Structures are given as structure tokens and as C-alpha cells.
Amino acid sequence: MKNTMTKLFAVLTLMAFTVLACQQEQKAPETEKTATSDPHSFSRPSEARGTHLDLELYVHFDRKELEGVARWTVEAAADATEIVFDTRQMHIDRVTVGEAENPVDFTLGEEDPLLGQVLRVPLPEYRKPSDKINIYYRTLPEAAALGWMEPEMTAGKKLPFLFTQGQAILTRTWIPCQDSPGLRITYTAQVTVPGGMMAVMSAENPQEKSGDGVYSFRMEQPIPPYLIALAVGDIAFKSVGPRTGVYAEPVLLDKAAWEFADMENMLTTAEGLYGPYDWGRYDLIVLPPGFPFGGMENPRLTFATPTILAGDRSLVSLVAHELAHSWSGNLVTNATWNDFWLNEGFTVYFERRIMEALYGLDYTNMLELLEYRELLDEIEYLGPESPDTRLKLDLAGRDPDEGMTDIAYQKGAAFLKMLEQTAGRERFDAFLKAWFDKHKFTSVTTEDFLAFLRENLLDKYQLEANVDEWVYQPGLPGNCPVPESDRFSKVEAQARAAMEKLPDTSGWTSHEWVHFVRNLPKEISPQRLQELDRAFQLSNTGNSELLAAWLETAIRRGYLAEVQPQLESFLTSMGRRRFLMPLYTALVDTGELDLARSIFAKAKDSYHAVSANSVEKLLDEAGQQ
Ligand SMILES: [Zn+2]
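Nothing here was measured: the structure is a model prediction, and the numbers come from that model. (Residues numbered from 1 in each chain as written. Predicted model: local features only at pLDDT ≥ 70, side-chain atom pairs only at ≥ 80, totals over all residues.)

Participant: Tell me about the overall build of the chain, residues and numbers included.
Facilitator: The number of helices and strands found in the chain is 19 helices and 21 strands. Here the chain has a C-alpha radius of gyration of 24 Å; the compact-globule value for 625 residues is 25 Å, and the two agree. For the chain, the spread of C-alpha atoms along the principal axes amounts to about 85 × 65 × 55 Å. Expressed as a percentage of contacts within the chain between residues at least 6 apart in sequence, the contacts between residues at least 24 apart total 73%. (Helix = DSSP H or I, 4+ residues; strand = E, 2+ residues; numbered from the N terminus. Rg over C-alpha atoms; globule rule 2.2 N^0.38 Å. Contact = placed C-beta atoms within 7 Å.)

Structure representation (C-alpha cells):
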């Protein structure tokens with residue numbers, strides 16, 4: 001996933017879930033929770049686990065409901081008497097066994113606000129090993145994974161749109177499953193949608209609309225449940241290379257295909273670094289602006305926000321990031337959300353290597369430095385001694401989304417870069433390639449990685465590295481690589497001088513623009529900001545990263561009145577949390593809570609639950625202070 005949580009959101013959810021965690025302890029958590037090594041799943045895979053899913057779904061836009069059946073192929077120990085699934089925000093109609101559909105008496109546990117309800121299905125003695133467990137169910141309109149977009153929230157404005165977001169523990173809100181990243185399954189699906197719409201999944205996909213609204217899917221490589229994904233809407237396809245293509249609403253299709261023209265090249269470059277791409281095709285779908293993240297690495301089909309359609313290909317590092325996940329995350333997966341840095345730190349490192357190979361070191365250094373600054377801010381915000389600044393996290397009893405900070409992404413990538421510098425690039429690349437190859441289609445823990453690291457890199461070449469400090473200690477170790485960028489040094493000088501004169505911006509990339517805006521002096525006057533705005537049309541830029549940085553600076557430096565129309569239009573036209581949270585936070589910090597509330601009231605229905613809940617918490621907490 002590409003997106004990190006903003007600071008204020010982190011502390012608010014932390015507070016909220018600390019309260020929840022305390023409540024759970026008081027009412028004695030169910031035994032299932034302690035019976036698995038994954039604190040975020042009720043399942044007991046060592047007794048019985050689902051290995052393959054056949055899903056049949058009907059998509060009802062009118063009542064915001066998925067209705068259907070999940071047929072699970074089950075592997076059970078000889079003495080297993082039941083199989084345990086995770087469910088949340090759904091209604092279970094009935095459960096049957098085998099082709100004869102013999103009904104069985106299932107039970108649903110008490111609702112846990114974070115983990116949902118445990119579904120226990122007895123495994124009757126007459127059941128043959130080949131008999132599937134069939135769970136008939138309907139999702140609730142508030143199911144957290146499901147983004148139901150009204151027609152006016154789409155680009156075409158004619159048909160509604162649905163997308164799912166499973167990571168971290170939301171797949172259980174649309175499929176009854178054993179929702180742990182440590183468990184892998186294969187699946188097929190048959191999805192029926194209203195006429196004129198196309199369905200696509202993290203699987204082999206159609207490239208044209210079907211006549212009858214019925215679509216069939218197959219994912220033959222085993223994946224963890226959080227990577228099952230579905231999108232339904234007025235979707236069309238355009239090829240950009242032999243193995244790559246773009247899905248989007250028809251009005252966006254050409255623009256998207258142009259923006260992502262480099263996808264095939266990226267794919268070949270990635271394979272050149274760390275070995276063959278194991279998933280067949282690599283396509284990307286541009287979702288409606290309500291999608292809460294930058295991108296989500298659903299296998300074979302990256303889900304992406306339309307806010308990266310900058311019109312100048314300047315934000316394609318996001319594609320490099322999601323593509324890199326085809327190795328780190330999807331091929332080799334974190335076993336629990338405490339090991340999240342194995343997914344994201346590796347992916348950020350890999351993303352930069354792709355960007356360096358394609359666009360050069362200069363360009364990549366700027367990207368790295370922008371993110372390094374964000375990492376320093378994150379550590380300052382969390383506190384350098386905070387346990388949440390360790391790579392290996394302890395998220396038991398908390399929402400795994402709280403682990404979605406710059407630590408997993410940026411400290412994780414810095415750790416790998418330190419190892420690269422210690423070993424030399426050639427040895428490190430061979431080591432990483434072997435890591436992916438030896439662990440493909442498995443889920444791994446931090447400890448698995450450290451053992452492999454010692455044996456295949458450190459001990460092998462007799463190298464020393466402060467590995468335990470990096471992984472298990474808070475803060476940033478003294479040998480953290482600090483990225484340098486000459487181009488950024490020049491930008492910083494121009495930002496300091498911006499009080500007196502306009503910058504010379506010839507040859508600037510969007511990275512330089514973002515860095516310039518973020519480094520404008522604190523004491524710069526609103527008049528000066530207006531002159532910059534008039535000269536460079538910053539409030540009207542089509543680059544969402546730059547617009548977000550500019551609007552935040554404008555709010556915090558007293559230039560809000562002038563940019564308010566653009567701010568309102570930005571906040572009501574997209575739901576990407578990376579942009580929403582800093583802007584709402586800036587409004588709160590500068591005493592503009594009423595304005596923040598009135599914008600949110602207009603925008604709320606167009607945000608996905610992930611974003612709407614984050615903003616709502618922020619504004620509620622601000623109101624109580
Ligand atoms: Zn990611």
C-alpha cells in the first residue's frame with residue numbers, strides 16, 4: 001500500500017483503541033484470540049484451515065449489499081471438530097456441507113469492535129475431506145471494506161461504482177474467511193453485476209464487458225485474504241504493453257493509458273533487479289477519487305487513486321511502489337501485521353531501485369530526501385523512545401492500521417539501504433533475489449528474515465551490522481543513511497530567498513516544487529504567498545502532491561482566505577487520506593474547526609469509510625478540547 005498515516009490521526013486512533021483494548025481485557029477475550037500466533041484473527045489454522053475459496057456473489061447497488069456464498073475447501077486435522085472463520089459487518093444466512101448442502105448448526109461469537117465476530121462451523125463426522133463448507137451470507141451497507149460510490153462520485157457520473165479495500169483486516173467484512181496474512185489461499189469467483197458494468201478482481205481479468213453481467217475469475221497463485229479485491233463499475237480496458245494495461249472509466253481511459261505508458265518498462269526493469277514476475281499480467285485500475293489510498297497492490301491488478309493522473313507522468317513512482325509489491329508483500333508476505341515492515345520497507349527500497357534504474361540517481365535522491373524528512377517528522381511526533389518506532393511492532397489489541405506509519409516504510413527502507421552499503425550493492429542484490437526466490441508464495445516473520453540475513457549475507461561475508469538495534473530498538477540508529485541532493489540544496493536556498501525574490505524555477509521537477517513549498521520560511525507574509533501564487537499558479541496546479549503541500553502551507557501561513565475555494569474543491573473531490581489528514585489537521589491547528597466541519601459535512605458521503613472515520617475522529621477530538 002502506498003500511503004502513510006498522518007501524525008494526528010495516529011495519536012487519535014491510538015487513544016481510541018487503547019480504550020477498546022482495555023474494555024476487551026475486562027470482558028475476558030475469547031480463547032480463539034490467544035490460540036493463533038496472529039493477534040488479529042480468530043482462526044485456528046493448525047486445526048482446520050480453508051485452502052481454496054469458490055466465491056459466488058451478486059452485487060446489489062440499490063441496497064449496498066453483496067449477497068452470495070463462500071464455498072471453502074477445508075484441510076482439517078484428524079481430530080478437528082470445527083473450523084473457525086473471521087466475520088464482521090455481515091449477516092450469515094446459513095451454512096451447509098458438501099454438494100448435498102446438508103445444513104450444519106453454526107455459531108457466531110460476540111461482536112468485537114475491532115476483530116468482528118468469530119464464526120464456528122462444526123465439521124460433522126459424515127463429512128468427506130472433499131466436501132466444501134458453504135457459507136451463505138449478505139454484507140451490511142456499512143461493511144468497512146466496501147466503497148460504494150454514487151454516480152456523482154465517479155468520473156462519468158452515470159453509473160455507480162464499487163471497490164473493496166481488504167488490508168489490513170477488512171476482507172472479513174465482505175467474505176467470511178480466515179483473515180490472517182500468514183494464511184494463503186487460491187480462489188475462483190463468479191460475480192454478477194448490473195447490465196453495462198464490468199467486474200474486475202485480483203485475478204485473471206476480462207478486457208471487455210460481458211453481455212449478461214456475469215464474470216468469472218481465477219487466481220491460481222496462493223495469496224493471503226487481504227489481497228482478494230473486487231471493483232465494479234463502468235470500466236474499460238486499454239493495453240499499454242504485452243503484459244500490461246490500464247482499466248478506468250471510459251472518460252479517463254486515454255489519460256490513464258498515457259500517464260502509465262512506462263508500465264511495461266517498469267516491469268522489465270523490476271525483473272532485471274530481483275527475478276521473474278510470477279503473476280502473469282500486471283494491470284492497473286484507476287478508481288474513483290473516493291479511494292482512500294494512493295495505491296493498493298492487489299495481485300495482477302493494482303488499485304490506484306486518480307490523484308496520480310498529473311498529466312505529466314510525475315507521480316508514477318506510485319506505480320513502481322505497487323509493482324514492487326509483486327515481490328515484497330504479495331510473493332513474500334508479512335506473517336502478521338507486527339511484521340508489516342517486511343512488506344513496506346522492502347517495497348520502498350525496491351521502488352527506489354526501479355526509479356533509479358529508469359530515471360536516474362539525481363531524481364531518486366530527491367524522492368528519498370522528501371521521504372526521509374517525513375520519517376524524521378514521524379519519529380519526532382511519535383517520540384524517539386516510542387515502541388511504535390521499532391521495526392518489529394506489537395499491535396496485539398490494537399488496529400493494525402496503527403502500524404501504517406513512516407516507520408515501516410521509511411525506517412524499513414533505510415535499514416535495507418544500510419545493509420546494502422555494508423555489503424556492497426552486488427552482494428546485497430544477489431542476497432535479496434535469493435530471499436524472494438526461496439520464500440516465494442510463503443508468509444514470513446521478522447525473525448525468519450533475520451536468520452536468513454545472518455546466514456546468507458552477514459556471516460557469509462563476515463560483516464558486522466547493528467541489526468538488533470535497527471529492528472528491536474526505538475528511534476533511528478546513528479548509522480542511518482542520510483540522503484543528499486544537490487538539487488534540493490539549491491531549492492532550499494531559493495526558498496529562503498523567496499521573501500525577497502521569485503525563484504528561478506527553470507528545469508524544476510514536481511519534487512523540487514514540493515520541496516520549495518514545504519521549505520518556505522515560517523515568517524513569509526500572505527502578500528508574498530499571493531505573489532508566488534500569481535506568478536506560478538500554485539493554487540491551480542494539476543499535480544495533487546504539489547497542491548496538497550501548497551494548500552497546507554497556505555493555511556498555516558495565514559493565506560487561507562485566498563485559497564479557500566480551491567481547498568474546498570480539493571477536499572470535496574477526492575478522498576485520499578494522505579491529502580485529507582494534513583489539510584484538516586492544519587485547519588484544526590489554526591482555529592478553523594468550523595470551516596473544517598462544514599467542508600467535511602459536504603464531502604463525507606464521497607469518502608471511503610477508512611478516510612471518513614479518520615477525519616471524523618480528528619474533528620471530534622478537536623471539538624472536545
Ligand atoms: Zn506499499
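Participant: Give me the lowdown on the sheet that holds strand β6 (residues 107–108), citing residues and values where you can.
Facilitator: If you trace the 3 strands from one edge of the open sheet to the other, you get β3-β7-β6, paired in antiparallel fashion. With partners counted over all chains shown, the strands left at the sheet margins are β3 (82–87) and β6, one partner each. By the bridge criterion, 2 bridges tie β6 to strand β7 (residues 117–122) in an arrangement that is antiparallel. Its bridge partner being in β7, Thr 107 is matched across the sheet by Arg 120. (Pairing = 2+ DSSP bridges.)

Participant: Please give an account of the sheet that holds strand β9 (residues 146–149) that cites residues and values.
Facilitator: Taking strand neighbours across the sheet as the criterion, the 4 strands line up as β9-β10-β14-β12 in an open arrangement whose pairing is antiparallel. One side of each edge strand has no neighbouring strand; the edge strands of this open sheet are β9 and β12 (198–201). Strand-to-strand twist in this sheet, taken as the mean axis angle between neighbours without regard to direction, amounts to 10°. Pairing of strand β10 (residues 161–164) with strand β14 (residues 230–233), which is carried by 2 bridges, proceeds in the antiparallel orientation. Each bridged residue has a counterpart across the sheet, and for Leu 162 the counterpart in β14 is Val 232. (Axes fitted to C-alpha atoms, helices over the stretch in contact; angles between N-to-C directions.)

Participant: Break down the domain arrangement of the chain for me, citing the residues and quoting the values.
Facilitator: As assigned here, the chain comprises domain 1 (7–233), domain 2 (235–326), domain 3 (332–472) and domain 4 (508–624). In this structure, domain 2 and domain 4 have C-alpha centres spaced 27 Å apart. Each partner contributes to the interface: domain 2 provides 12 residues, whereas domain 4 provides 17 residues. (Domains from an automatic or database assignment.)

Participant: Requested: an account of helix α18 (residues 593–603), with residues and values cited.
Facilitator: Looking at α18, one finds that the buried residues are Ala 596, Ile 599, Phe 600 and Ala 603. Viewed along the axis of α18, the buried residues span an arc of 100°, placing them on a single side of the element. More than 90 degrees from the buried face of α18, the exposed residues found are Asp 594, Ser 598, Ala 601 and Lys 602. On its buried face, α18 sits against α16 (560–573), α17 (577–589) and α19 (609–624). (Buried ≥ 20, exposed ≤ 12 C-beta atoms within 10 Å, placed from the backbone. Arc of directions from axis to C-beta.)

Participant: Please provide a residue-by-residue account of the environment of Asn 479, values included.
Facilitator: Within the fold, Asn 479 resides in the loop between α11 (467–472) and α12 (486–497). For Asn 479 and Leu 580, which are 101 residues apart along the polypeptide, the C-alpha to C-alpha distance reads 34 Å. Look past the residues within four positions of Asn 479 in its chain and what remains in contact with it is Met 418 and Asn 466.

Participant: Could you give an account of unusual backbone geometry, naming the residues involved and the relevant values?
Facilitator: The residue after Gln 167, namely Ala 168, is reached through a cis peptide bond having omega 0°. Following the sequence through the fold, Ala 168 ends up in the loop between β10 and β11 (185–192). Backbone geometry places Glu 101, a non-glycine residue, at a positive phi of 55°. One can find Glu 101 in the loop between β4 (90–97) and β5 (102–103). We note that Arg 300 has phi near 70°; this positive angle belongs to a residue other than glycine. Assignment of secondary structure puts Arg 300 in the loop between β18 (295–296) and β19 (301–304). The exposure class assigned to Arg 300 is buried, which follows from the 22 C-beta atoms found within 10 Å.

Participant: I'd love a proper account of α19, names of residues and values included.
Facilitator: Taking 1.5 Å of rise per residue, 16 residues should cover 22 Å, and α19 covers 22 Å from first to last C-alpha, within 8% of that figure. Those residues of α19 that sit buried are Ala 609, Val 610, Ser 611, Ala 612, Ser 614, Val 615 and Leu 618. (Expected span 1.5 Å × (residues − 1).)

Participant: Lay out the environment of Thr 307 in plain terms, naming residues and giving numbers.
Facilitator: Of note, Thr 307 is situated in the loop between β19 and α5 (317–324). The exposure class of Thr 307 is buried, given the 24 C-beta atoms found within 10 Å. C-alpha of Thr 307 to C-alpha of Arg 576: the two residues are 269 residues apart in sequence and 8.1 Å apart in space. Setting aside residues up to four positions removed in sequence, Thr 307 forms contacts with Pro 289, Ser 544, Met 574 and Arg 576.

Participant: Any details on the nonpolar core? Residues and values, ideally.
Facilitator: The biggest cluster of nonpolar side chains holds 173 residues, and the ones touching the most others in it are Ala 231, Ile 285, Leu 551 and Leu 583. Filtering out sequence-adjacent residues up to four positions away, Ala 231 remains in contact with Leu 162, Phe 163, Val 200, Ile 285, Leu 287 and Phe 303. Membership of the second largest hydrophobic core comes to 5 residues, among which are Leu 375, Ile 379, Leu 382 and Leu 476. (Core = buried A, V, L, I, M, F, W, Y, C linked by C-beta atoms within 7 Å.)

Participant: I'd like to hear about the confidence of the model for the chain, residue by residue, with values.
Facilitator: Across the chain, pLDDT averages 93, with 95% of residues at or above 70. Note that residues 4–36 has pLDDT below 50 and, in this model, 53 contacts with residues that lie over four places away or in other chains. (pLDDT = per-residue confidence, 0-100.)

Participant: I'd like a description of the pairing of strand β1 (residues 48–60), backed by residues and values.
Facilitator: By the bridge criterion, 12 bridges tie β1 to strand β2 (residues 65–76) in an arrangement that is antiparallel. When the sheet's bridge partners are listed, Glu 56 is paired in β2 with Val 69. Linking two consecutive strands that pair antiparallel, namely β1 and β2, is a turn of 4 residues; a positive phi of about 45° is found at Lys 64 within it. For β1 and β11, the ladder comprises 7 bridges, and the chain directions are parallel. Within the sheet, the bridge partner assigned to Asp 54 lies in β11 and is Thr 188.

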